[in-house]
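Here is what each chain is made of, one letter per residue.
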Amino acid sequence: MSIIDRRLNPGGKSLANRQRFIRRARALVRRAVHDASAGRSIKDAGKGGDVVIPADGVHEPTLRRSSQGGSRDYLLPGNKKFSEGDNIQRPQSGGGGRGGDPSGDGEGEDDFRFALTAEEFLDLFLEDLELPDMAKREVAGEANFEWRRAGYTTSGSPSALSVSRTMRQSMSRRIALRRPKPAEIAELEEKAAAFAEDDQGAEAKAARDALATAKRRAKLIPFIDPIDVRYRRLEANPRPSAQAVMFCLMDVSGSMNEHMKDLAKRFYTLLYLFLKKRYKRVEVVFIRHTHVAQEVDEETFFYSRETGGTVVSTVLEAMKTVIDERFPPDVWNIYAAQASDGDNTSSDNPKAAALLTEVILPLCQYFAYVEVGDDEDRHPAMMQEMPTSLWRTYARVGEAVEYMAMKKVRHRRDIYPVFRELFSRESIAALGGA
Amino acid sequence: MARKTTTSKGAAAKPKAKPRENAPAVESVASKKNAPAQKLVSTLTGDESNILFKGADWDFPLIDRIYRAVEDIGLNEMGMSIYPNQIEVITSEQMLDAYASTGMPLFYKHWSFGKEFARNEQAYRKGYQGLAYEIVINSDPCILYIMEENSATMQTLVLAHAGVGHNHFFKNNYVFKQWTDAEGILDYIAFAKSYLAKAEDKYGITEVERVIDAAHALQSHGVHRSPRKRMADLRTEQMREKQRRDHGEQLFNDLWRTVPKGKKADKSVVDADRRRAILGLPEENILYFLEKTAPRLLPWQREVLRIVRQIAQYFYPQRQTKMMNEGCATFTHHRIMNRLHEKGMLTDGAFLEFLHSHTSVVMQPNYDDPRYSGINPYALGFAMMQDIERICVNPTGEDRAALPAIAGNGDPYGTLREVWANYRDESCISQFMSPKLIRDFSLFRVSDDGDPSEDLRVDAIHDERGYARIRRALSRQYDISRRDPDIQVVDVDLVGDRKLMLQHRVLDGVMLASEDAQRVLQHLANLWGYPVVLTEISQNDESLAEHTADPFRPFGTV
C-alpha cells in the first residue's frame, strides 16, 4: 500500500477537453453569448457567466433501444396495494411506469447549461473582430525599437563575435585549402627524423621536403583568417506601441436624453473591452461638451446633467489639448469614439470639419462617430432619410479618410451588430485594401 | 463498481449522500435488517487505547493506520484477496477532472469529456449533485482516489468500501478476470493518449476528432461479448491434432466411401456462405469488423477504432456487475466498520456518522416516491449479500427449500466469496434472490404490452405465485444482452456497390431510437466508405424497418 498526495498536482486537466468542447459547440455558444450579452448590464459585460446551448447540438448518438413502443416489463419496488391481476391506469406521459425504462438511461435532452470564464466569454464575444492598423503608423524614438537577432555579418563589435560561427568558417577554409593538421606534421617530422641528419638519399630528401612543404603550408594558411570572422547581427525592429488611449467624446446638451446616453455608454464599453483585449494598457479619457468642452471622470460623464448649446468643435479642441499634454502620438495609439445626437450649431460645422481633418484624424488610429437616435419616437421613413447637420459634415470628411467610421444607432440591440460591423475582419480588410 | 448516477461509464464513484432530508434512515430497507449489527458497543467507558482517531481530522500517518486496520479485517477475518492499493489524495477540483475522463488518471482528449466536465461542474456548483467520496480503478496496483474533504470516518469507510471491497471484486470476479488486463490498462491508456496526440499533430485535431466521434457512436457495439479465443500453444495443438486423428481412426469405416453423395448445394448459397466466412460474418462487434475490413480507412484511423474498442471492452465487465460490485463493496465496508467499532477502534460518534452515510447510500425509494429512479444497485446489492449471509447462518424453512445448496452451510464469507467470484448481476439474481428479499423490497412486476389503449397490468407480486416470475424478470432487467440492442453485421454486397448490411433483431417489439440510429449509421457509413443499411427484423425474420445512410464525407480519402 502506498499513499500519494496528488493535491499539489496541477489542476485543470480537463482544460483541453473543455476548450475542445467549446470549439465544437462554437456556433451555438457564440449565439448564446450574444443573447446573454444583450441582457447584461454594462458593468457585467466583460465577466464570464452561464450560457445555455441546445443539447441537440452536442448530442452524442448511440445505438440504443427506443424508450417507446414494444412490450415491456417494469419491475418496481415498494408495492403496497396491488395484487396480481390488477390493472393500473397508464401514466399520462405514455412512457409506462416512470423510471422503469431500462434502456433510456435517463438521457436528458434538456438544454445544456454551463459556465464560461470571463476570458472565454470575451473571446467568443469579440471573435472575428480586428483592430484596424494596430501598430502605430509612424513609430519614432529609440524606445520603440527592439533588437532582434538577424543572422551574421562580417563586421561588428568584438563583443558580438560569434566564436562558433567563426570557427566553422575557419575549419571549412582549412579543409578546402588542405592546411596540414598538427598530427600530420608530427608524423612527417617523425619520418624525417628517422633518417640521419646527413643522409642525402632520395627518400630522406623527400621526407625532409614533405615536412618543409607542410610547415610552409601551415604557416601560409593561417588557423584563423580575418575573412573567417563572423559577428552576430542585430536588427532594429519597430516595436508596436502596447498602449492605447481611448477618447470618449459625448454631447451632453439637453437634447441628449438618458436613452441616448445609455446607447453611447454601451458602445464605449464594447470599445473599451475590445481595446483592453488588444493592448497591454488602455487609458480612457472622457470629454463631454455642450457649448464648452470639459474633461471629466466616468461618473460625471454619464450621469451628471448639463445644459447649454452644442458646439462640437470645442470637444475636438479639448481632445487636441489632452493629447498634447499627456498622450504624445508617437507612443500612444489613439482611438476616439464620439457620440452625439447629431445636433450642432450650424455655424460651427465648418470649423469642426476643419479641426477633424487637419488636427484630429492625423493623430488617430481610428475615429468612430456614433449617432444615437431616440427609440421611442419612431420617425416616419421619410424623416430617417434626412441626415443631421453633424452627420452631413462628418460624412464629407469621412469620405476621404478610411479609418473614420460612422454609424447610426437607435436601439440597444443595434449596438453590438454595429460594433461588429465596424470591426469585423471583412470591413477591416476592405479598409486596408482601400 | 460503484458509479455515480450521472457518469455514463467508467470507474467507480460512490455517490455522496444527498441532502439529509432525502435520506431518512428509517426508509432504508436494508438498514432495518441489519439491526443486530448496529448495537452500539460503547467505547466511552471501555478501553480507549485502540481508538484510531477522534474527530474529523486526518493526516497521512493516520490514513496508514486506518488502512492497516481495515485491511487486517478484510484479509484475515473475511478472507478476501486484493491487489495492492495505491491511495491517492485529491481535491474536489481534481475529482471533477477525474469524472470527465471516465475516472481514469489519464485519458485521451476529446470534446465529449469536456462536455461531461461542464455538466458535472455545473451540477456540482449549483448543488444538485455531490461529488463521489472516491474513485477506484481496476488496475494492478489498484488506484484509489480519496478526496481531501472527507472526514476521517469517511476515509475509513472509503478505504473499506473501495480499497477492500471493490478491489477484491475486481481481482476475483470471473468477468474481470476474463476481460480486463488490470496490469496493462494504465500503460495502454498512456499509449492511446500519446498515439492520439501524435495523430492530432500529424493529421489535425478536427480529422482525428471526426474519427473518434464516429468510433464513440459505435462504442456500445465495439465489444466482444464472448471470451476472446486464446492462442493455443504448440503442445496443446499437437495434442488435439493427435486426438482428432485417433478419433478418426477409431471411427474409420470404408463403407462411407460408397454412400452416394447428395445433390450439390446451390452455388450462390455456397458462395454467400463462403464470402461471409471469409469476412468473419456475422459479427456483432462492429468496430472490430470495421477495423479489420473497412476498405478505405487509413492505418491510423484503424488504430483509433482499435483504441476506442479496447477501452470499451475494458469497461464492459463493469456494466455487467454493477449491482454485485456495489453489493460486495457495501457489504464489505459495513462489516469492516462494524468490526472496527466492536474492536473499540472507532468511537461511537464516528460510527454514527458512518451509519448515517451508509443508510443514505443503501436507501431504496419506493416506485411512487419522487426520488425513485430505478432500483438502487447499492441497496439491492447490499441486501442480497446480507441475505446470503443470513441464509448461510440462519436459514428458515423457506430458504432451505429455495436455496438448498447454501442454506445453513455455516460459512457465510466463503459462500459470498464464491458468489463474488463466479456470478454477474443477472446470474446472481436468478440464483440467489430469496423470497424473503423479494418481500422485503415488495417487488412487483407491471407488464405493458405496448397497446396505448389498454391499461398496464400487474402480473406478479411478492407472493408465492410470483417469486419465480419476479426473480426472472429482475434478472432479465440486469441482463446486458437484453438491454443492448442485438445488432450484427450480416453481409457485404461485394459484387455490387459494397453496401454493408446490418441487422437488428428486435426483442419484445422494441425498435431502435430512430433519430439516434440514423446519426450513428451516418458515422458508420463514413467509416465504411460505402452505403450502409440497417434492417430491423422481428424474431420471425420479418423486416420491420430499414435505416440507410450514404457516406457523406468518407474517411480515408484525404
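By definition, the strands of a sheet pair up through backbone hydrogen bonds, in either a parallel or an antiparallel sense. Strand order in the open sheet formed by 4 strands is β3(A)-β5(B)-β6(B)-β4(A), with antiparallel pairing between adjacent strands. Pairing within the sheet leaves two strands with one partner each, and these edge strands are β3 (72-76) and β4 (87-88) of chain A. Bridge analysis of β4(A) against strand β6 (residues 456-460) of chain B gives 2 bridges, and the strand direction is antiparallel. Opposite Asn87(A), over in β6(B), you have Arg457(B) as the bridge partner. Lying over the sheet, helix α20 (residues 467-477) of chain B contacts β3 of chain A together with β5 (444-448) and β6 of chain B, oriented at roughly 105 degrees with respect to β3(A).

This next bit is on the packing of helix α15 (residues 377-393) of chain B against helix α17 (residues 412-422) of chain B. All names here are of chain B. α17 packs onto α15 with a crossing angle of 135 degrees between their chain directions and a minimal axis gap of 9 Å. Accordingly, the angle class assigned to the pair α15 and α17 is oblique. Of the two elements, α15 crosses α17, and the hand of that crossing is right-handed. On the side of α15, the interface is formed by Met 385, Ile 388, Glu 389, Cys 392 and Val 393, while α17 contributes Pro 412, Thr 415, Leu 416 and Val 419. A class-by-class count of the residues in the contact of α15 with α17 yields 7 nonpolar, 1 polar and 1 charged.

Below, the discussion takes up the sheet that holds strand β11 (residues 333-340) of chain A. All names here are of chain A. Strands sit in the order β10-β9-β8-β11-β12-β13 across an open sheet of 6 strands; the sheet is mixed. What marks the edges here is a single partner per strand, and that holds for β10 (293-296) and β13 (404-409). Across this sheet, the average inter-strand angle for adjacent strands is 20 degrees, counted without regard to direction. Looking at chain direction, strand β12 (residues 366-372) and β13 are connected through 6 bridges and run parallel. If you follow Val 370 over to β13, its bridge partner there is Lys 407.

Residues and elements named next belong to chain B. Summarising the model, chain B shows a mean pLDDT of 83, and 89% of its residues fall at 70 or more. The low-confidence segment residues 1-45, where pLDDT is below 50, has 102 contacts with residues more than four positions distant or belonging to other chains. Model confidence for the complex: the whole-complex pTM is 0.69, and ipTM, which rates the interface, is 0.75.

Turning next to the pairing of β5(B). Two faces make up the sheet, and in a regular strand the side chains alternate between them. Extensive coverage of β5(B) is indicated by the burial of 4 of its 5 residues. Summarising the sheet, β3(A) and β5(B) pair through 5 bridges and their orientation is antiparallel. Looking at the pairing, Arg72(A) lines up with Asp448(B) of β5(B). In this sheet, β6(B) lies alongside β5(B) in antiparallel orientation, the contact comprising 3 bridges. What sits directly across from Val446(B), in β6(B), is Val458(B).

Each value, and the rule that gives it
Residues numbered from 1 in each chain as written. Chains lettered and ligands numbered in written order. Predicted model: local features only at pLDDT ≥ 70, side-chain atom pairs only at ≥ 80, totals over all residues. Pairing = 2+ DSSP bridges. Helix = DSSP H or I, 4+ residues; strand = E, 2+ residues; numbered from the N terminus. Contact = placed C-beta atoms within 7 Å. Axes fitted to C-alpha atoms, helices over the stretch in contact; angles between N-to-C directions. Parallel < 35°, antiparallel > 145°, perpendicular 65-115°, else oblique. Left-handed = near helix turned anticlockwise from the far one by under 90°. Nonpolar A, V, L, I, M, F, W, Y, C, P; charged D, E, K, R; others polar. pLDDT = per-residue confidence, 0-100. Buried ≥ 20, exposed ≤ 12 C-beta atoms within 10 Å, placed from the backbone.

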